[in-house]
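Overview (structure and organization)
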Amino acid sequence: MAFEYAPAPESRAVVDIAPSYGLFIDGEFRDASDGKVFKTLSPSSEEVLSEVAQGSAEDVDAAVKAARKAFEKWSALPGAERAKYLFRIARIIQERSRELAVLETLDNGKPIRETRDADLPLVAAHFFYYAGWADKLDHAGYGPNPKALGVAGQVIPWNFPLLMLAWKIAPALATGNTVVLKPAETTPLSALFFADICRQAGLPKGVVNIVTGDGSTGAALVEHPGVDKVAFTGSTAVGKAIARSVAGTDKKLTLELGGKGANIVFDDAPIDQAVEGIVNGIFFNQGQVCCAGSRLLVQESIQDELLDALKRRLSTLRLGDPLDKNTDIGAINSAEQLARIKALADSGEAEGAERWAPACELPSAGYWFAPTLFLNVTQAHRIAREEIFGPVLSVLTFRTPAEAVAKANNSQYGLSAGIWTEKGSRILSVANSLRAGVVWANTFNKFDPTSPFGGYKESGFGREGGRHGLEAYLDV
Ligand code: TAP
């Protein structure tokens, strides 16, 4: 692993971060009602990037009222008119994508190569895709004149801050809803830049409101009686608490929660291609991906060959400055998340799995974790059962396809899986037996706005993306 830092060519000078930001309510930035603020920092350097308003219950109330007021006109606009705003937002995102990519990398810690080549193109694509639906809702298969639900309260996590915002806001606006969105406490900045883009696009006041804050701000939003629809992405624990708080109300709810994806490699798989897919499956975004391929299931007969190739490949990954275009592994998003990853990795060793990582020197400032493999993992180990949400791969073996399916399905989660084989018939039969919302064949972590995404079991319910993603925001 190489650790000589080239000076970051994607200079942070392309983004102008203000020393402080307010809440975006009714088309204006304003301070929190009680004047409270919190700091957001760069996880790769621990440098404070900005101070952000901490939204109170009173602020959430003001945002929901603004969204309610805006709803009447927004939902009554012809779909083609709403589409114009969404297309405009999509184009501005494309125009400002370099600035947004650098901003996201600074606030989140993920490599610029990912924000530039994956996050930002997908964000724009999502707005373009749902802009295209806005005037075709009568043809979406939900009968004539499907109606918007009203005010959507949306709570998102820190792992794909702008992309999760796009997944939530684009379909909500296309279908005529208005929104109040709460970004994660550690990554509020791209949502606030998005608020500025809404102003730039001339979006009517109150259609999009951004209330920054911590979990208490999220709870105030979810519990607000003026919210008609709650959309949440985050941990299964918080998702369960939200489901309880929404129970007994007439709020609609969709939950996108955790995962423990199985990446299954059969003995006829092309090894080099599979190794790239395994690396992409678990080390993309430092493994902080709900659908990460965090369990490798490898057929016993090719175990040695595959693991040798995988170790060689891991030794070439570059960890370091996320603004360097050559960086493969960036920083972990927060000190809390790093502590969670360390604790679970320690449990792997304590329970008897064999830990392996390439020779690796971690930067002294910031939050870092070396790409790590665990061998000789059993299904009982915590690292095989619990979501680590970090760059840690648990390796298990199997002999037959039936055993692979049984092990893959032996999880409280059911979000994603991958299959590596040359046999098309095997892809179809294994995919049909997997209880996973998304199954990739001979690839991993491929996203497209036209494809529905979501889970089974404790990974949540409801689908985002594609035509199915409209249903979550329509009274059908
Ligand atoms: P959470 O703690 O669940 O946070 C997610 C969001 O909910 C954040 O905005 C958070 O605010 C807010 N929140 C916290 N407590 C709340 C409450 N009681 N009521 C309402 N909102 C509340 O998760 P995290 O630590 O940010 O993210 C890691 C976890 O999220 C992982 O387990 C991962 O699996 C899951 N995740 C799942 C997906 C999908 S698509 N299934 C995607 C990303 C992440 P603060 O940030 O201020 O705490």
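Structure: above.
Notes on the structure follow. Model, not experiment: these values are computed from the prediction.

Conventions used here
- Residues numbered from 1 in each chain as written.
- Predicted model: local features only at pLDDT ≥ 70, side-chain atom pairs only at ≥ 80, totals over all residues.
- Heavy atoms only, no water.
- Near = heavy atom within 4 Å.
- Polar contact = N/O pair within 3.5 Å; in protein donor to acceptor, adjacent residues only side chain to side chain.
- Areas by Shrake-Rupley, 256 points an atom, 1.4 Å probe, with all protein chains shown as cover.
- Helix = DSSP H or I, 4+ residues; strand = E, 2+ residues; numbered from the N terminus.
- Nonpolar A, V, L, I, M, F, W, Y, C, P; charged D, E, K, R; others polar.
- Pairing = 2+ DSSP bridges.
- Axes fitted to C-alpha atoms, helices over the stretch in contact; angles between N-to-C directions.
- Contact = heavy atoms within 4.5 Å.
- Buried < 20%, exposed > 50% of the residue type's maximum accessible area, 1.4 Å probe, protein only.

A few words on the site of the ligand. Surrounding the ligand, one finds 29 residues, the nearest of these being Ile156, Trp158, Ser235, Leu257 and Glu387. Taking alanine 219, its main chain carries an N or O atom lying 3.4 Å from a nitrogen atom of the ligand. A distance of 3.3 Å is found between a nitrogen atom of the ligand and a backbone nitrogen or oxygen belonging to glutamate 256. Notes on the ligand: free accessible area 890 Å², of which the protein chains cover 87%. When contributions to the shell around the ligand are tallied by element, the ones reaching two or more residues are helix 7 (215–223), strand 10 (229–233) and helix 8 (236–246). It is helix 7 that contributes the most residues to the shell around the ligand, three residues altogether. Tallied by class, the residues present in the shell around the ligand amount to 15 nonpolar, eight polar and six charged.

Take the sheet that holds strand 13 (residues 295–299) next. Spatially, the seven strands line up as an open sheet ordered 14-15-16-13-12-18-19, and their pairing is mixed. Each edge of the open sheet is held by one strand with a lone partner, namely strand 14 (354–356) and strand 19 (438–441). Across the sheet, the axes of successive neighbouring strands diverge by a mean angle of 20 degrees, strand direction being ignored. Summarising the sheet, strand 15 (residues 372–375) and strand 16 (residues 392–398) pair through three bridges and their orientation is parallel. Bridged to leucine 373 within strand 16 is leucine 393. The strands that helix 14 (residues 424–433) touches are strand 12 (262–265), strand 18 (416–420) and strand 19; relative to strand 18, the one it contacts most, it runs at about 160 degrees.

The next subject is unusual backbone geometry. In the Ramachandran plot, glutamine 286 falls in the positive-phi region, its phi being about 55 degrees despite a non-glycine side chain. In this structure, glutamine 286 sits in the loop between helix 9 (271–283) and strand 13. Using a relative accessible area of 0% as the deciding quantity, one classes glutamine 286 as buried. The backbone of asparagine 376 sits at a positive phi, close to 55 degrees, despite the residue not being glycine.

Purely geometric numbers; function is a separate question.
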